[in-house]
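If you want the building blocks of each chain, they are given just below.
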Amino acid sequence: MKPMQNIASRLSFFIGFSLMILGSVLFIASLSGIAKVATIPASLFLLIGVLFALFAFKLVHRLQYMFLAAFFIQLGLFLLLIILHTIPYPFSKVWPAISIFAGTALIPAARFRSNTSLVRFIVPAIAFVVLGVVLLIFSLDLVTFSFKRFILTAWPLLLLFAGIFLLLLSLYPKQDEKDSQNQ
């Protein structure tokens, strides 16, 4: 009977947290005069994020679930801010922020498991964030030249950063290699 109580407890946690998020989103939408149906995508992403957080914390304890939880929660909050016009740009202009979210979601995933090397996550996280920022700068027309011109003139920098990325990854051995050296 113990496993059934454990599953019921986890299910009630997920349902309770989901209702709390859905209620909060709908309440904020009603205060802002936004149609409640417009908040459905943001609510779905938040609920998916909570579901992955439940998997990460309560069920499986896998860092992939932690990454997905952080990513979907950020995406849901981002869409909610766009819907509420807190972010004054349409999604078609700020879509590169998704790359930034992927990068920032790697950090809690790396911290979630203590036996993984943090550098193996930080380097790709920085790469995703930098890529997102560069694309966002061009998407929001903050510079006067085109992305194509930037790539044609700055492609050697891409080689430089790729080399640095690979060099940093090769300097830190995998956890399995560290364990075999310690034995």
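Here the structure is shown first, and the text comes after it.
Below: a short report on this structure. Computed from a predicted structure; not experimentally measured.

## Structural notes on the layout of surface pockets
Part 1: Roughly 560 Å³ of volume is contained in the largest pocket.
Part 2: In terms of lining residues, the largest pocket is bounded by 18 residues, among which A127, V130, L131, L158 and F161 are the most central.
Part 3: At the level of elements, α6 (119–139) and α7 (147–171) are the ones that each hand at least two residues to the lining of the largest pocket.
Part 4: Per element, the largest residue contribution to the lining of the largest pocket is eleven residues, and it comes from α7.

## Focus: a nonpolar patch on the surface
Part 1: Judged by side-chain polarity, L157, L160, F161, I164, L167, L168 and L171 come together as a nonpolar surface patch covering roughly 660 Å² of accessible area.
Part 2: With respect to the helices, strands and loops of the structure, L167 is situated in helix α7.

## Here we look at the environment of L80
Part 1: Among the secondary structure elements, L80 is positioned in helix α3 (residues 63–83).
Part 2: The exposure class of L80 is buried, given its relative accessible area of 8%.
Part 3: Taking the C-alpha atoms as reference points, L80 and A29, 51 residues apart in sequence, are found 9.0 Å from one another.
Part 4: If we skip the residues at most four places from it in the chain, L80 touches V25, T39 and A42.

## Digging into the nonpolar core
Part 1: In this structure, F71, F78, I82, V94, F101 and L136 are the most contacted members of the largest nonpolar core, which totals 18 residues.
Part 2: For this core, the secondary structure elements donating two or more residues are α2 (40–59), α3 and α5 (97–112).
Part 3: Sorting elements by how many residues they give to this core places α3 first, with seven residues.
Part 4: Excluding residues that lie within four positions of it along the chain, L136 makes contacts with K93, V94, P96, A97 and I100.

## Details of the environment of F72
Part 1: Structurally, F72 is set in helix α3.
Part 2: A relative accessible area of 16% means that F72 is categorised as buried.
Part 3: Excluding anything up to four places from it in sequence, F72 contacts F45, L46, I48, G49 and F52.

## Points about unusual backbone geometry
Part 1: For H85, which is not glycine, the phi dihedral falls at a positive 65°.
Part 2: Position of H85 relative to the elements: it lies in the loop between α3 and α4 (91–94).
Part 3: A residue is classified by how much of its surface remains accessible, and H85, at 61% relative accessible area, is exposed.
Part 4: Positive phi is not limited to glycine here, since D141 has a value of about 55°.
Part 5: Within the secondary structure layout, D141 lies in the loop between α6 and α7.
Part 6: Here D141 falls in the exposed class, since its relative accessible area comes to 54%.

## A short note on the pattern of salt bridges
Part 1: Scanning the model with the defined rule gives one salt bridge in all.
Part 2: With a shortest N-O distance of 3.1 Å, K93 and D141 are connected by a salt bridge. With a gap of 48 residues between them, K93 in helix α4 and D141 in the loop between α6 and α7 connect regions that are remote in the sequence.

## A few points about the packing of aromatic side chains
Part 1: In this structure the tally under the stated criterion is 13 aromatic pairs.
Part 2: Judged by centre distance (5.8 Å) and plane angle (10°), the rings of F45 and F72 are stacked. Of this pair, F45 sits in helix α2 while F72 sits in helix α3; the two residues are 27 residues apart in sequence, bridging distant segments of the chain.
Part 3: Measuring from ring centre to ring centre gives 5.2 Å for F138 and F147, while their planes differ by 75°; the resulting arrangement is edge-to-face.
Part 4: On the basis of relative accessible area, F138 is assigned to the buried category, the value being 15%.

Here is what the cut-offs are and how they apply
Residues numbered from 1 in each chain as written. Predicted model: local features only at pLDDT ≥ 70, side-chain atom pairs only at ≥ 80, totals over all residues. Heavy atoms only, no water. 1 Å grid on protein atoms, 1.4 Å probe; cavity = no way out; pocket = protein on both sides within 12 Å on 5 of 7 lines; lining within 4 Å. Points joined across faces, edges and corners; volume = space filled by probe spheres on them. Helix = DSSP H or I, 4+ residues; strand = E, 2+ residues; numbered from the N terminus. Patch = residues over 30% accessible without salt bridge, like charges linked within 9 Å, V, L, I, M, F, W, Y side chains within 5 Å. Areas by Shrake-Rupley, 256 points an atom, 1.4 Å probe, with all protein chains shown as cover. Salt bridge = Lys/Arg side-chain N within 4 Å of Asp/Glu carboxyl O. Buried < 20%, exposed > 50% of the residue type's maximum accessible area, 1.4 Å probe, protein only. Contact = heavy atoms within 4.5 Å. Core = buried A, V, L, I, M, F, W, Y, C linked by side-chain atoms within 4.5 Å. Phe/Tyr/Trp six-rings, centres within 6.5 Å; stacked < 30°, edge-to-face > 60°.

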